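Below, each chain spelled out in residue letters.
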Amino acid sequence: MKQMDQIITQLTASDHVLFASHTDPDGDAIGSLLAAGLSMKAMKKRTTLYNESAIPAVYRFLPEVEAIVSHLDGAAPFDTAVVLDCSDLERVGAGALPFIRETPVIINIDHHPTNTGFGDFQLIDSDACATAEIIYRLISRMEIVIDADIATAIYTGIFTDTGSFRFANTNQAAFSICNGMVACGADPYNVAKHVYGTYSLGRIKLLNRALDSIEISDNGRLSLMTLTREMFDATGTHPEDVDGLINYARRIRDIKVAVLIHEYPNGSGDEKRKNGQRRFHVSLRSDGAVDVSRIAALFGGGGHRNAAGFTVHTDITDIKNGMMELANGL
Ligand code: AMP
Ligand code: MN
Ligand code: MN
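None of these values were measured; they are calculated from a predicted model.

Asker: I tried to follow the domain arrangement of the chain on my own but got confused; where do I start?
Answerer: Note on interface size: it is often stated as the accessible area lost on association of the parts. Domain boundaries assigned for the chain yield domain 1 (2–196) and domain 2 (202–329). If you average the C-alpha positions of domain 1 and of domain 2, the two centres end up 26 Å apart. Summed over both partners, the interface of domain 1 with domain 2 comes to about 990 Å²; 47% of that surface belongs to carbon and sulfur atoms. It is Asp-24, Thr-114 and Phe-167 in domain 1 that bury the most area against domain 2; as a group they hold 33% of the surface buried on that side. Counting across the interface, domain 1 meets domain 2 through 1 salt bridge. Among the salt bridges present, the one from Arg-60 reaches Glu-240, with a minimum N-O distance of 3.2 Å. The interface formed by domain 1 and domain 2 contains 5 residue pairs in polar contact (both at pLDDT 80 or more). Class assignment of the residues belonging to the side of domain 1 that touches domain 2 gives a composition of 8 nonpolar, 3 polar and 2 charged.

Asker: Where do I start with the sheet that holds strand β9 (residues 257–263) in this structure?
Answerer: Hydrogen bonds between backbone groups are what pair the strands of a sheet, and the pairing can be parallel or antiparallel. Pairing within the open sheet is mixed, and its 6 strands lie in the order β7-β8-β9-β10-β12-β11. The sheet is open, and its two borders are formed by β7 (215–216) and β11 (302–303), each paired with just one other strand. As defined by bridge partners, β7 adjoins strand β8 (residues 222–227) across 2 bridges and the pair is classed as antiparallel. Bridge pairing links Ile-216 to Ser-223 in β8. Taken strand by strand, helix α12 (residues 316–326) contacts β7, β8, β9, β10 (278–286) and β12 (307–314), and its axis lies near 165 degrees from that of β8.

Asker: Got a minute to help me understand the site of ligand 1 in this structure?
Answerer: Inspection of the region around ligand 1 gives 14 residues, with His-112, His-281, Ser-283, Arg-285 and Gly-302 positioned closest. Between His-112 and ligand 1, the recorded distance is 2.8 Å, taken from a side-chain N or O atom to an oxygen atom. The backbone of Gly-302 places a nitrogen or oxygen atom 3.2 Å from a nitrogen atom of ligand 1. Elements with a minimum of two residues in the shell around ligand 1: β10, β11 and β12. At 4 residues, the largest contribution of residues to the shell around ligand 1 is made by β12. The residue inventory of the shell around ligand 1, partitioned by class, reads 3 nonpolar, 9 polar and 2 charged. Formed jointly, the shell around ligand 1 draws a minimum of three residues from each of two domains, domain 1 (2–196) and domain 2 (202–329).

Asker: Can you walk me through the coordination of the manganese ion (ligand 3) in this structure?
Answerer: Octahedral metals with six donors have ideal donor angles of 90 or 180 degrees. Tetrahedral metals with four donors have an ideal donor angle of 109.5 degrees. Distances from the manganese ion (ligand 3) to its protein donors, namely Asp-28 (OD), Asp-85 (OD), His-111 (NE2) and Asp-161 (OD), fall within the range 2.2 to 2.4 Å. Considered as a linear motif, the donors of the manganese ion (ligand 3) on their single chain read D-x56-D-x25-H-x49-D. Separating the manganese ion (ligand 3) from the manganese ion (ligand 2) is a distance of 3.6 Å, and Asp-85 supplies a donor atom to each of them. Residue Asp-85 is located in the loop between β4 (80–84) and α3 (97–102), and its partner His-111 is located in the loop between β5 (105–110) and β6 (121–124); the two are separated by 26 residues in the primary sequence. Given a relative accessible area of 1%, His-111 falls into the buried group.

Cut-offs and rules
- Residues numbered from 1 in each chain as written.
- Chains lettered and ligands numbered in written order.
- Predicted model: local features only at pLDDT ≥ 70, side-chain atom pairs only at ≥ 80, totals over all residues.
- Heavy atoms only, no water.
- Domains from an automatic or database assignment.
- Buried area = accessible area lost by both parts, 1.4 Å probe.
- Salt bridge = Lys/Arg side-chain N within 4 Å of Asp/Glu carboxyl O.
- Polar contact = N/O pair within 3.5 Å; in protein donor to acceptor, adjacent residues only side chain to side chain.
- Nonpolar A, V, L, I, M, F, W, Y, C, P; charged D, E, K, R; others polar.
- Pairing = 2+ DSSP bridges.
- Helix = DSSP H or I, 4+ residues; strand = E, 2+ residues; numbered from the N terminus.
- Contact = heavy atoms within 4.5 Å.
- Axes fitted to C-alpha atoms, helices over the stretch in contact; angles between N-to-C directions.
- Near = heavy atom within 4 Å.
- Donors = N, O, S within 2.8 Å, 3.2 Å for Na, K, Ca; no water.
- Buried < 20%, exposed > 50% of the residue type's maximum accessible area, 1.4 Å probe, protein only.

Printed below as a string of structure tokens:
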């Protein structure tokens, strides 16, 4: 509670607060960002909401989502930077780092067990089902009135990070907070309709390629999906369309660890090829027996026991072989 009260004092004393969450955002990264940002706006504070990546189509229904910016030039200076759902500061992406480092006070709010503890104040709870759960606790203590927009953002963060109340992080708070959020105006049908309801034709075609790419280790314990830039180009999709596809690989009988390797586009800045090598994100999912956050940490990434990831510059054969070798230890 001491940290929370210090954070509230700091936020109350700030005039301009930056909120930022991790690149390639999921529903929790976006929901926490919007819930925190809208709450500060209700306190009549100047806020800047930042995410480096494109917001996936399924989350663009969220109230005020258009307020999220992907560049900070002209927005600084900030009195306080609040970093959400990031296990290390670098997860916000290279574009925001210099601005955040220049900000006098950094607040770290997260639920990853691999959190490095960066920043001046921390609210880290690996028992929280989502960062949105911690944001809920914070704004409740600040006695901010939760309107339908804030409720929808918190509900979406918890609903998506728990895999619709199916994953191992689903706790009592997930139900009690979501129950409260519905009372405040969140509409479960509307959220579910957007998050799971409709896909672009391209995403369905991408799913087809993802399923077709599945390889199983000799011992039958590891499944591997691969999505290359060529597959994104052929289906008119982007890495943001990958969200959720790994669950198909994880659900195969006897699989202990599922891996999804996807390539980043050969874009600008950080995404340029390094020494001719391509840049890949590797997602890992476990059935609970193996702690995949430890595997991700070996490659400079992080995450949770059952869901983790990392990013590497490499070539596709090396990373596939490396991941297949993991099967020997399963
Ligand atoms: P993903 O691999 O994007 O499906 O993410 C699975 C989990 O691992 C999420 O909780 C992410 O926040 C975390 N994660 C993914 N990539 C990284 C990374 N490079 N560093 C730290 N955590 C990560
Ligand atoms: Mn996240
Ligand atoms: Mn999260």
